[in-house]
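One-letter residues, chain by chain:
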Amino acid sequence: MSSQIIPVEPFDYVVFGGSGDLAERKLLPALYHRQVEGQFSEPTRIIGASRSALSNEEYRKFADAALKEHLKKGEYDEAEVKKFLARLFYVPVDARSDAGWDQLKKILDEGKDRVRAFYLAVAPGIFGDISQKIHDHKLITKQTRIVVEKPIGRDLDSALQLNDTIGKVFKEEQIFRIDHYLGKETVQNLMALRFANALYEPLWNANHIDHVQITVAESVGLEGRAGYYDTAGALRDMVQNHILQLLCLTAMEIPSSMDSEAVRDEKLKVLRALKPINASNVEQATVRGQYRAGASSGGPVKGYLDELEGGVSNTETFVAIKAEIGNWRWAGVPFYIRTGKRLAGRMSEIVITFKPIPHNIFDQSAGRTVANQLIIRLQPDEGVKQSLMIKDPGPGGMRLRNVSLDMSFAAAFNVRNPDAYERLLMDVIRSNQTLFMRRDEVEAAWDWVDPILKGWETAGQQVQGYTAGTWGPSQAIALIERDGRTWHDDI
Ligand code: BG6
């Protein structure tokens, strides 16, 4: 099956931090894929901008190396790469001085009528400076948007400040706050599953759902990001954004349309309905963990503290939370969430466990009936599984068996699974904000996360050690098991 590609208008994408890690690993390969799929209209340019003094030629070499390194086998096509590199330009600019900005303006003026997107793949500390320079050098046209990467703040106050700074120069409809989890195929499929089928919605509430689990497990460790990570920790790095977005899409009411405001209004209501976790209940509702030396991805790995230069830290590399949503739909339904580095595998999924049958008519010899589960798998093998009880086939009387209706997308449709950034980068050009976070969403998420951070501080809640390559500290297992439930740990 082939997917339908609708070309976008010609554009100029200016990537600040154009020679950085994100551009290299994600943005350039994603844009290359969109070109190969035929989504660009001409003339379209990608302009790298950063402090490094590179020429166009040197930047093209950098991009070529990035594609060689990060494309999968068979994806590097000489002719396509040549075409792609020809649309790349580079301007050295300094966010804090006027150096380079006139040159950037000169290049952009060649395409005054095109869609213009500024992507800030840089530290949030200079979001404000760059926005101001963009404004001062008159680079904003009617067709201009700005894309910002997380972290958007490290608490509510800093997020407000950051949003204010960008908001001074850009209108909300021009600001695209990226959360790459929203670009993942299965995350969008969650909306299709819920809102394009009549089957689930009547059951999607506290009358029929026992609990929800959201797991984002990683096998990797710090990957050279100790400096940032040790000041953030798993709650800020993963829960405040990615996991809360997953929770919102799972729990929100049905929006009246896929219009960006309609969808984001509903997500916002979920965030605002989350029951507070603060100093009074933080120790019962949350577990913080930190990995110790162990084995992961097939070999021995260092512990977190050994990866840090200082060697002392109370930063969590794992967090588990029992969250609750205070509204009619979800009253009494726990949402257990957990995420961590150096866990037993790379696995992200949302598991909806339905209530058990109210009365069992089968003999003991038929075996146990297991509550139905809907498993929405984001990675590694994207797809949806619905578990059902059936009769064990063949003779031997009535014996029951729990089986899965398995819908593995890649296998079923035989299409390349696009990276999340591909969809999102093109949505910016199309000016579709549905899969981007609105200002009030980011702030509402911090409003829920802040009291947890403060609660940990007040309670002096320490990190619990876990061996790398396991599912986290034993306290996280206890968090769910004391409610008579277990984590879904199938990799
Ligand atoms: C990022 C976090 O936002 O998401 C990283 O900062 C994390 O710490 C990454 O590794 C996970 O993304 P993915 O797409 O690999 O699940």
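Before any of the text, the structure's been laid out above.
Residues numbered from 1 in each chain as written. Predicted model: local features only at pLDDT ≥ 70, side-chain atom pairs only at ≥ 80, totals over all residues. Heavy atoms only, no water.

Student: Looking at this structure, I do not really get the overall build of the chain. What am I missing?
Tutor: Along the chain, the regular secondary structure elements total 16 helices and 17 strands. On C-alpha atoms alone, the chain measures out to a radius of gyration of 24 Å, which is about the 23 Å that the 2.2 N^0.38 rule sets for 491 residues. Each principal axis of the C-alpha atoms in the chain carries an extent, and together these give about 80 × 55 × 45 Å. Residues counted as buried form 53% of the 491 residues belonging to the chain. Taking the intrachain contacts of the chain between residues at least 6 apart in sequence as the baseline, contacts between residues at least 24 apart amount to 78%. Working note: accessible area of the chain is about 21,800 Å², and carbon and sulfur atoms make up 52% of it. (Helix = DSSP H or I, 4+ residues; strand = E, 2+ residues; numbered from the N terminus. Rg over C-alpha atoms; globule rule 2.2 N^0.38 Å. Buried < 20%, exposed > 50% of the residue type's maximum accessible area, 1.4 Å probe, protein only. Contact = heavy atoms within 4.5 Å. Areas by Shrake-Rupley, 256 points an atom, 1.4 Å probe, with all protein chains shown as cover.)

Student: Explanation requested: the side chain of Thr-144 in the structure shown.
Tutor: By the secondary structure assignment, Thr-144 is in strand S5 (residues 144-148). Excluding its chain neighbours within four sequence positions, the residues that come into contact with Thr-144 are Arg-116, Phe-118, Leu-139, Phe-170 and Gln-174.

Student: What should I look at first to understand a nonpolar patch on the surface in this one?
Tutor: Taken together, Ile-361, Phe-362 and Met-398 make up a surface patch of nonpolar side chains, about 300 Å² in accessible area. You can see Ile-361 is positioned in the loop between strand S13 (347-354) and strand S14 (373-379). A relative accessible area of 66% places Ile-361 in the exposed class. (Patch = residues over 30% accessible without salt bridge, like charges linked within 9 Å, V, L, I, M, F, W, Y side chains within 5 Å. Salt bridge = Lys/Arg side-chain N within 4 Å of Asp/Glu carboxyl O.)

Student: I tried to follow the sheet that holds strand S4 (residues 115-120) on my own but got confused; where do I start?
Tutor: Spatially, six strands are ordered S3-S2-S1-S4-S5-S6 in an open sheet, and the strand pairing comes out parallel. With partners counted over all chains shown, the strands left at the sheet margins are strand S3 (88-92) and strand S6 (175-177), one partner each. The sheet shows a mean angle of 20 degrees between the axes of neighbouring strands, direction not considered. Two strands pair when backbone bridges link them, and strand S1 (residues 11-16) and strand S2 (residues 45-50) are joined in this way by five bridges, in the parallel orientation. Counted as the bridge partner of Val-14 is Ile-47 from S2. Helix-sheet contacts for helix H1 (residues 21-36) involve S1, S2, S3 and S4, and the interaxial angle to S1 is about 170 degrees. (Pairing = 2+ DSSP bridges. Axes fitted to C-alpha atoms, helices over the stretch in contact; angles between N-to-C directions.)

Student: What should I look at first to understand the packing of helix H6 (residues 156-169) against helix H15 (residues 439-459) in this one?
Tutor: Packed helices, taken two at a time, are described by the angle between their axes plus the distance between the axes. Running from N to C, H6 and H15 cross one another at 165 degrees; their axes reach a closest spacing of 9 Å. Considered as vectors, H6 and H15 are oriented roughly antiparallel to each other. Crossing geometry of H6 relative to H15 is assigned as right-handed. Residues Leu-156, Ala-159, Leu-160, Asn-163 and Asp-164 of H6 touch H15, and the partners they reach there are Arg-439, Glu-443, Trp-446, Asp-447 and Asp-450. Along the lines of polarity and charge, the residues of the contact of H6 with H15 split into four nonpolar, one polar and five charged. (Parallel < 35°, antiparallel > 145°, perpendicular 65-115°, else oblique. Left-handed = near helix turned anticlockwise from the far one by under 90°. Nonpolar A, V, L, I, M, F, W, Y, C, P; charged D, E, K, R; others polar.)

Student: Is there a simple way to think about unusual backbone geometry in this case?
Tutor: Among all residues except glycine, the phi angle is most often negative; among peptide bonds, the trans geometry is most common. In this structure, the amide linkage connecting Lys-150 to the following residue, Pro-151, adopts the cis form with an omega of 5 degrees. Here Pro-151 lies in the loop between S5 and H6. Positive phi, normally seen in glycine, also occurs at Lys-138, with a value near 55 degrees. Mapped onto the secondary structure, Lys-138 falls in the loop between helix H5 (127-136) and S5. Its identity is not glycine, yet Ser-431 carries a phi of approximately 60 degrees, on the positive side.

Student: How should I be thinking about the side chain of Lys-133 in this particular structure?
Tutor: With respect to the secondary-structure elements, Lys-133 resides in helix H5. With a relative accessible area of 15%, Lys-133 lands in the buried category. Ignoring anything within four residues of it in the chain, the contact list for Lys-133 reads Ala-95, Arg-96, Ser-97, Asp-98 and Trp-101.

Student: I would appreciate a short explanation of the packing of H5 against H6 in the present structure.
Tutor: Between H5 and H6, the shortest axis-to-axis distance is 9 Å and the interhelical angle comes to 5 degrees. The angle between the axes of H5 and H6 places the two elements in the roughly parallel class. Together, Phe-127, Gly-128, Ser-131, Gln-132 and His-135 of H5 and Leu-162, Thr-165, Ile-166 and Val-169 of H6 make up the contact between the two elements. Residues that form the contact of H5 with H6 fall into these classes: four nonpolar, five polar and no charged.

Student: Where do I start with the sheet that holds strand S11 (residues 318-323) in this structure?
Tutor: Across a sheet, strands are paired by hydrogen bonds formed along the backbone, either parallel or antiparallel in direction. Reading across from one edge, S16-S15-S14-S13-S7-S12-S11-S8-S17 is the order of the nine strands in this open sheet, with mixed pairing throughout. Two strands in the sheet have a free side with no partner beyond their single neighbour: strand S16 (400-408) and strand S17 (464-467). Averaged over all pairs of adjacent strands, the angle between their axes in this sheet comes to 20 degrees, without regard to strand direction. Bridge count for strand S7 (residues 209-217) against strand S12 (residues 335-340) is six bridges, and the pairing is parallel. Residue Ala-217 lies in a different strand from S12, and its bridge partner there is Gly-340. In the packing of helix H9 (residues 234-251) onto the sheet, contacts are made with S7, S11, S12, S13 and S14, and the angle to S12 comes to roughly 145 degrees.

Student: Help me understand the site of the ligand in this model?
Tutor: Close to the ligand lie Lys-150, His-180, Tyr-181, Lys-184, Glu-218, Arg-225, Asp-237, Met-238, His-242, Lys-341, Arg-346 and Gln-379, which account for all nearby residues. In the model, an oxygen atom of the ligand is placed 2.7 Å from a nitrogen or oxygen of the Lys-150 side chain. One nitrogen or oxygen atom from the side chain of Lys-184 is found 2.6 Å from an oxygen atom belonging to the ligand. Out of a free accessible area of 400 Å², the ligand has 83% covered by protein chains. Take the shell around the ligand: its biggest share by element is three residues, from H9. A breakdown of the residues in the shell around the ligand according to their chemical character gives two nonpolar, three polar and seven charged. (Near = heavy atom within 4 Å. Polar contact = N/O pair within 3.5 Å; in protein donor to acceptor, adjacent residues only side chain to side chain.)

Function-wise, these values are silent; they only describe arrangement.
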